[in-house]
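Report on the structure
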Amino acid sequence: MILSLGLFAVAGSLLLYFLISSRAAQEEAESYIDIQQTYSAVQEYDPAGPEKPLEQQDAEPSLQLPYIAADFAGLRELNEDTIGWIAIPGTPISYPVMQAENNQTYLKQDSSGKKSSAGAVFMDANNSLAPLDQNTILYAHNMGEGREDEMFAPLLLYKEKEYYLAHPYIQFDTHIEAHGWWEVFAVLHLDLRDKSFNYLRQSFPNPQAFSEWLEKTKELSLYDTGVAVCETDSVLTLSTCDRSLYRGNGRFVLLAVHRGQL
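Residues numbered from 1 in each chain as written. Predicted model: local features only at pLDDT ≥ 70, side-chain atom pairs only at ≥ 80, totals over all residues. Heavy atoms only, no water.

Regarding the layout of surface pockets
Going by this rule: Here a cavity is any set of points on a 1 Å grid over the protein atoms alone where a 1.4 Å probe fits but cannot get out, and a pocket is any open set with protein on both sides within 12 Å along at least 5 of 7 lines; a residue lines the site when it has an atom within 4 Å of a point. Grid points are joined across faces, edges and corners, and a volume is the space filled by probe spheres set on the points. Secondary structure is summarised from DSSP: a helix means a run of H or I of at least four residues, a strand means a run of E of at least two, and numbering begins at the N terminus for each. Polar here means any residue other than Ala, Val, Leu, Ile, Met, Phe, Trp, Tyr, Cys and Pro, which are nonpolar, and Asp, Glu, Lys and Arg, which are charged; Gly is therefore polar.
Taken as a whole, the second largest pocket holds about 300 Å³ of empty space. Along the wall of the second largest pocket there are 14 residues; nearest its centre are Leu190, Asp191, Leu192, Asp194 and Phe197. Among the elements of the structure, strand S8 (181-191) and helix H4 (207-220) are those that each provide at least two residues to the lining of the second largest pocket. The class makeup of the residues in the lining of the second largest pocket is 7 nonpolar, 3 polar and 4 charged.

Here it is, written out as structure tokens:
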């Protein structure tokens, strides 16, 4: 009888914990939906657009990708740590980007500054905002089972080349400059314990060092994207956890090259 009561109490506690956690997760997701609806909007595509210069009129037409216009004034009034916006068309990823004095603040705090297990998308504390470094790094959580649409969890879908082919472009702008589009050129599985390659390097002493680093990223990529990158380009790196790899030390990383306005 005592054992049965004890098991019942444990089961009740686990159920209560699950309900509280589920409610908290729902509130966190709803908070970001509210931010997206309040502070961002899809910019309407004008098929006519401005008249092109004669030398460009025979060129390929621009890609008709939905572009997110962010209200940076409003976002920065909400939280002055807001420095940008990231979006990947056709995916759930569309979030404000934060930057703090360290890389711990936004692991447990959302973009409004509230405590949150989902955290926020944030730029590496050591990255320069203006001008951007050769490699700008953005981090966010992979929330795991049941929350596959939140934060950077959708990045794991890039394990399949077919998904990459359907979503090759990333929009990343800052409140200082509209950088536009970035094209994914490498998709990596990395072990944090392996120090042979540092994907978090932000600047390089010379073009040759940057070129060698770029070649290494393409060598480590899960598949060949066929996207050309050179030593004069700028790179955007998206990093999240992948607990299915390397005993919990796995990182899933997308690297994209700056393409500007397409």
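Section: the side chain of His167
Quick note on the threshold: Every residue pair with non-hydrogen atoms within 4.5 Å of one another is taken to be in contact.
Relative to the helices and strands, His167 resides in the loop between helix H3 (161-166) and strand S7 (169-174). If near-sequence neighbours (up to four positions away) are discounted, His167 is found in contact with Ile88, Pro89, Gly90, Thr91 and Tyr158.

What about the packing of aromatic side chains?
Threshold: Aromatic rings from Phe, Tyr and Trp, with only the six-membered ring used for Trp, were paired whenever their centres fell within 6.5 Å, and each pair was classed as stacked if the ring planes differed by under 30 degrees, edge-to-face if by over 60, and tilted otherwise. Remark: exposure states derive from per-residue accessible area (1.4 Å probe, protein chains only) relative to the maximum for the residue type, with buried under 20%, exposed over 50%, and partly exposed in between.
Tallied over the full model, the rule gives 10 aromatic pairs. Ring geometry for Tyr164 and Tyr223: centres 5.8 Å apart, planes at 40°, overall tilted. Linking Tyr164 in helix H3 with Tyr223 in the loop between H4 and strand S9 (235-241), this pair joins segments that are 59 residues apart in sequence. Using a relative accessible area of 4% as the deciding quantity, one classes Tyr164 as buried. Summarising the aromatic geometry, the rings of Phe210 and Trp213 are spaced 6.1 Å apart at their centres and angled 20° between planes, so their arrangement reads as stacked. With Phe210 and Trp213 both in helix H4, this residue pair falls 3 residues apart, about one helical turn. By the burial criterion, Phe210 is buried, and Trp213 matches it. Grouping aromatic residues by their ring pairs yields a cluster made of Phe197, Phe204, Phe210 and Trp213.

With respect to the pairing of strand S4 (residues 94-98)
As a reminder of what qualifies: A pair of strands is considered paired only if DSSP assigns at least 2 bridges between the two.
Across the 5 residues of S4, 5 count as buried, placing the element largely inside the fold. Where strand S3 (residues 82-87) folds back onto S4 in an antiparallel hairpin, the turn is made up of 6 residues, including Gly90, whose phi is positive at roughly 85°.

As for the confidence of the model for the protein chain
Here is the rule we go by: The pLDDT value expresses, per residue, how confident the predictor is, ranging between 0 and 100.
For the protein chain, per-residue confidence averages 85 on the pLDDT scale, and 83% of positions sit at 70 or higher. Across residues 5-21, confidence stays below pLDDT 50; counting only partners more than four residues off in sequence or on other chains, it has 0 contacts.

Quick notes on the nonpolar core
Spelled out, the test is: Side-chain atoms within 4.5 Å are what join buried Ala, Val, Leu, Ile, Met, Phe, Trp, Tyr and Cys residues into a set we call a nonpolar core.
By size, the foremost hydrophobic cluster in this structure holds 64 residues, and its most contacted members are Ile86, Leu138, Tyr158 and Leu238. The element contributing the most residues to this core is S8, with 7 residues. What Leu238 contacts, discounting residues up to four positions off in sequence, is Ile86, Ile88, Leu138, Phe152, Leu155, Ile170, Phe252, Val253 and Leu254.

Description of the sheet that holds S8
Cut-off, in case you're wondering: Between N-to-C directions, angles cover 0 to 180 degrees, with each direction set by a line fitted to C-alpha atoms, over the stretch in contact for helices.
Read around the closed barrel, the 8 strands follow the order S3-S4-S5-S6-S9-S10-S8-S7; overall the barrel is mixed. Put simply, the sheet's adjacent strands are angled 30° from each other on average, direction ignored. For strand S5 (residues 121-123) and strand S6 (residues 135-139), the ladder comprises 2 bridges, and the chain directions are antiparallel. Across the sheet, Phe122 pairs through a bridge with Tyr139, a residue of S6. Along the sheet face, H4 touches S6, S8, S9 and strand S10 (250-260) and points at about 70° away from the line of S8.

Things to note about the pattern of salt bridges
What counts, and what does not: For salt bridges, the criterion is a side-chain nitrogen of Lys or Arg within 4 Å of an Asp or Glu carboxyl oxygen.
For the structure on display, the rule yields 5 salt bridges. In this structure, Lys216 engages Glu219 in a salt bridge whose closest nitrogen and oxygen atoms are separated by 3.3 Å. Highlighted residues: Lys216 and Glu219, both in helix H4, separated by 3 residues, approximately one helical turn. Residue Lys216 is classed as partly exposed on the basis of its relative accessible area of 29%. Given a relative accessible area of 57%, Glu219 falls into the exposed group.

A closer look at H4
Every α-helix carries 3.6 residues per turn, so stepping three or four residues along brings you back to the same face. Here is the rule: Multiplying 1.5 Å by the helix residue count minus one yields the expected span of that helix. What the arc describes is the spread of directions from the helix axis to the C-beta atoms. By the criterion applied in these results, polar contacts are pairs of N or O atoms within 3.5 Å in which, for protein atoms, one can donate a hydrogen and the other can accept it, and in which residues neighboring in sequence qualify only through two side-chain atoms.
Its 14 residues give H4 an end-to-end C-alpha distance of 20 Å, which sits within 8% of 20 Å, the value for a rise of 1.5 Å per residue. Along H4, the positions that sit buried rather than exposed are Ala209, Phe210, Trp213, Leu214 and Thr217. Down the axis of H4, the buried side of the element spans an arc of 135°, and every buried residue falls inside it. For H4, the exposed residues set more than 90 degrees away from the buried face come down to Pro207, Gln208 and Glu219. Tucked inside the fold, the buried residues of H4 contact S6, S8, S9 and S10. Put simply, Asn206 is the residue that caps the front of H4, since its side-chain oxygen is 3.2 Å from the backbone nitrogen of Gln208.

What to know about the pairing of S10
Of all the 11 residues making up S10, 9 are buried; the element is thus mostly covered by neighbouring parts of the structure. Pairing between S9 and S10: 7 bridges, direction antiparallel. Across the sheet, Ser239 pairs through a bridge with Val253, a residue of S10.

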